[in-house]
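Chain residues, written in single-letter form:
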Amino acid sequence: MTFFRQAGAIFWKDVLTEFRTKDALTSMLLFGLLVILMFHFAFDQADSLQMDHYGPGLLWITFVFAGLLGMNRAFAGERENDSLQALKLAPISWGAIYLGKMLANLMFMLVAESVILACFAVFFDFNLLPRLGRMCGITLLGTLGFASIGTILAAISMNTRMSEVMLPLLLLPIALPLVIGAVNATAAIFTDPPGEYLGFWMKFLVVFNIIFVTLPLLLFDFVLEE
Amino acid sequence: MNRNWLALSTFVAMMVSIYLIFMYAPTEATMGDVQRIFYIHVSLAWTSFLAIFIVFIYSIRFLASRDRQLDIKAFCAAEVGAVFSTTVLISGPIWAKPVWGIWWTWDARLTSAFLLWLIYMGYLVLRRLIESPEQRARLSAVFGILGAVDAPIVYMSNRWWRTQHPAPVMGGGESSGLDPQMRLTLYVTFAACVLLFFYLWKLRCELERTQEVVESLQRAPQFKEVS
């Protein structure tokens, strides 16, 4: 149980730091809104936007890009303040550092995503409410895997020159199956009644999450070592 | 295996496979002679997936033992694998254009070959951007493991995705009912590609070791005084 208490402490530390500066959240939110704005003009031809066709992809691209921005902040703060060393010296398991950071990233992303989702519904006149429960489930599953891979890859790219550029290069290829699963699941609930493949893609997301939450947990110790 | 023996057997296997491809294998009924690129293309693709598997194995072994030699092996397998992966992406469109009429389609196999190439590139760029050799070995091993686990998942997710939509272009259909002569040609070509991979891999590892020796000599004090 101490493991989870340690992870909780790290999580709370990150949330508190973020709450005081609001760096990551603000930039994620604004960036997400800008992506939506860009897409509106990029796709808006004479006839109206076909929401059940473009919607799921548009939404997940926005989530992924906004998430990338947040991930870059995950370890940047520790590096700027030289506090990573102290974190490593603390009498806690490094897996707990990973788990805490991952949960904090997950929460920032979910907060940003819920605002983006609401704006999405308003901007594109999309009837979200009847689908809200399912949408939350898919978003949670998609974001969990993304935050999990993103946190370990952010810790890796933190050690490189040009870490901000490196992270997308590492993260996007690995996260592709996740995006495929999430987009397809979202597309399935955008139609009335829900598409028949919804269950399949939900199971796919669950399996992907099991693999890519466990694996970083096992590998994270190697990343922090010196 | 001794390097020269490996070189010789690679050479012989490649000669045999070229003979089989151009002389022995029958001409395909609908695609004609251009289909002969299939033997090389598919063998290269299989070998590039074999290479990521080798990266996976050596990355795990490196993290377990911290032996520098294992890291060199993982890195060199990735570099040679990246070359194979690039040739897959070049030979594919050359075959696709005359047969399908298009250079590229987002089919499961094409997409996963492309993604495998991106993972290789990510791995190689990552290594270039980390300065300390010890850290480079450790972090790229972690990425190598994540990337190698991801590769088959990408393939499966693409396949499931595509099977739900009507096929956009007619598939090559090479997996179903291959002529025995064609199958033999494919297997021999695959063996030749694997031998070539192991030969290049061995060569690249030796080069890397030599480079390390040269670098350590350059750092030695007596050289600094001279320069």
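For the structure, check the block above.
Here's a quick rundown of the structure. Keep in mind that this is a model prediction, so the values were computed, not measured.

The next thing to look at is the nonpolar core. Judged by nonpolar contacts, the single largest core of 120 residues is most densely connected at A:Phe146, A:Ile152, A:Leu153, A:Leu171, A:Phe212 and B:Leu146. Apart from the residues within four sequence positions on either side, A:Leu153 is in contact with A:Leu167, A:Leu170, A:Leu171, A:Ile174, B:Phe143 and B:Leu146.

What follows deals with the interface of chain A and chain B. Contacts between the two partners involve 30 residues from chain A and, on the opposite side, 29 residues from chain B. Three residues stand out in chain A for area buried against chain B, namely A:Arg161, A:Pro173 and A:Phe222, and they jointly supply 18% of the buried area on that side. For A:Glu225, the salt bridge is made with B:Arg66, and the minimal N-O distance between the two is 2.6 Å. Counting across the chain A and chain B interface gives eight residue pairs in polar contact (both at pLDDT 80 or more). Where the side of chain A that touches chain B is concerned, the elements lending two or more residues are helix 6 (132–157), helix 7 (163–190) and helix 8 (198–224) of chain A. The greatest single-element share of the side of chain A that touches chain B, amounting to 11 residues, is contributed by helix 8 of chain A. When grouped by side-chain class, the residues that make up the side of chain A that touches chain B number 24 nonpolar, three polar and three charged.

Oppositely charged side chains can form a pair if their charged atoms are brought close together. Residues and elements named next belong to chain A. The final tally for this structure, using the stated rule, is 16 salt bridges over all chains. In this structure, the salt-bridge partner of Lys-13 is Asp-14, at a minimum N-O distance of 2.8 Å. One salt bridge connects Asp-23 with Arg-73, and the closest N-O pair in it is separated by 3.9 Å. Here Arg-73 lies in helix 3 (residues 51–80) and Asp-23 lies in helix 2 (residues 23–43), a separation of 50 residues in the sequence. The network of salt bridges with shared partners includes Lys-13, Asp-14, Glu-78 and Lys-101.

We now examine the packing of helix 7 of chain A against helix 4 (residues 108–129) of chain B. Look at helix 7 of chain A against helix 4 of chain B: their axes get within 9 Å of each other, and the N-to-C directions meet at 150°. Overall, the two elements helix 7 of chain A and helix 4 of chain B adopt an arrangement that is roughly antiparallel. Seen along the crossing, helix 7 of chain A lies across helix 4 of chain B with a hand that is left-handed. Across the interface between the two elements, A:Met166, A:Leu169, A:Leu170, A:Pro173 and A:Leu176 of helix 7 of chain A pack against B:Leu115, B:Leu118, B:Ile119, B:Gly122, B:Val125, B:Leu126 and B:Leu129 of helix 4 of chain B. Its residues placed into classes, the contact of helix 7 of chain A with helix 4 of chain B shows 11 nonpolar, one polar and no charged.

About the cut-offs
- Residues numbered from 1 in each chain as written.
- Chains lettered and ligands numbered in written order.
- Predicted model: local features only at pLDDT ≥ 70, side-chain atom pairs only at ≥ 80, totals over all residues.
- Heavy atoms only, no water.
- Core = buried A, V, L, I, M, F, W, Y, C linked by side-chain atoms within 4.5 Å.
- Buried < 20%, exposed > 50% of the residue type's maximum accessible area, 1.4 Å probe, protein only.
- Contact = heavy atoms within 4.5 Å.
- Buried area = accessible area lost by both parts, 1.4 Å probe.
- Salt bridge = Lys/Arg side-chain N within 4 Å of Asp/Glu carboxyl O.
- Polar contact = N/O pair within 3.5 Å; in protein donor to acceptor, adjacent residues only side chain to side chain.
- Helix = DSSP H or I, 4+ residues; strand = E, 2+ residues; numbered from the N terminus.
- Nonpolar A, V, L, I, M, F, W, Y, C, P; charged D, E, K, R; others polar.
- Axes fitted to C-alpha atoms, helices over the stretch in contact; angles between N-to-C directions.
- Parallel < 35°, antiparallel > 145°, perpendicular 65-115°, else oblique.
- Left-handed = near helix turned anticlockwise from the far one by under 90°.

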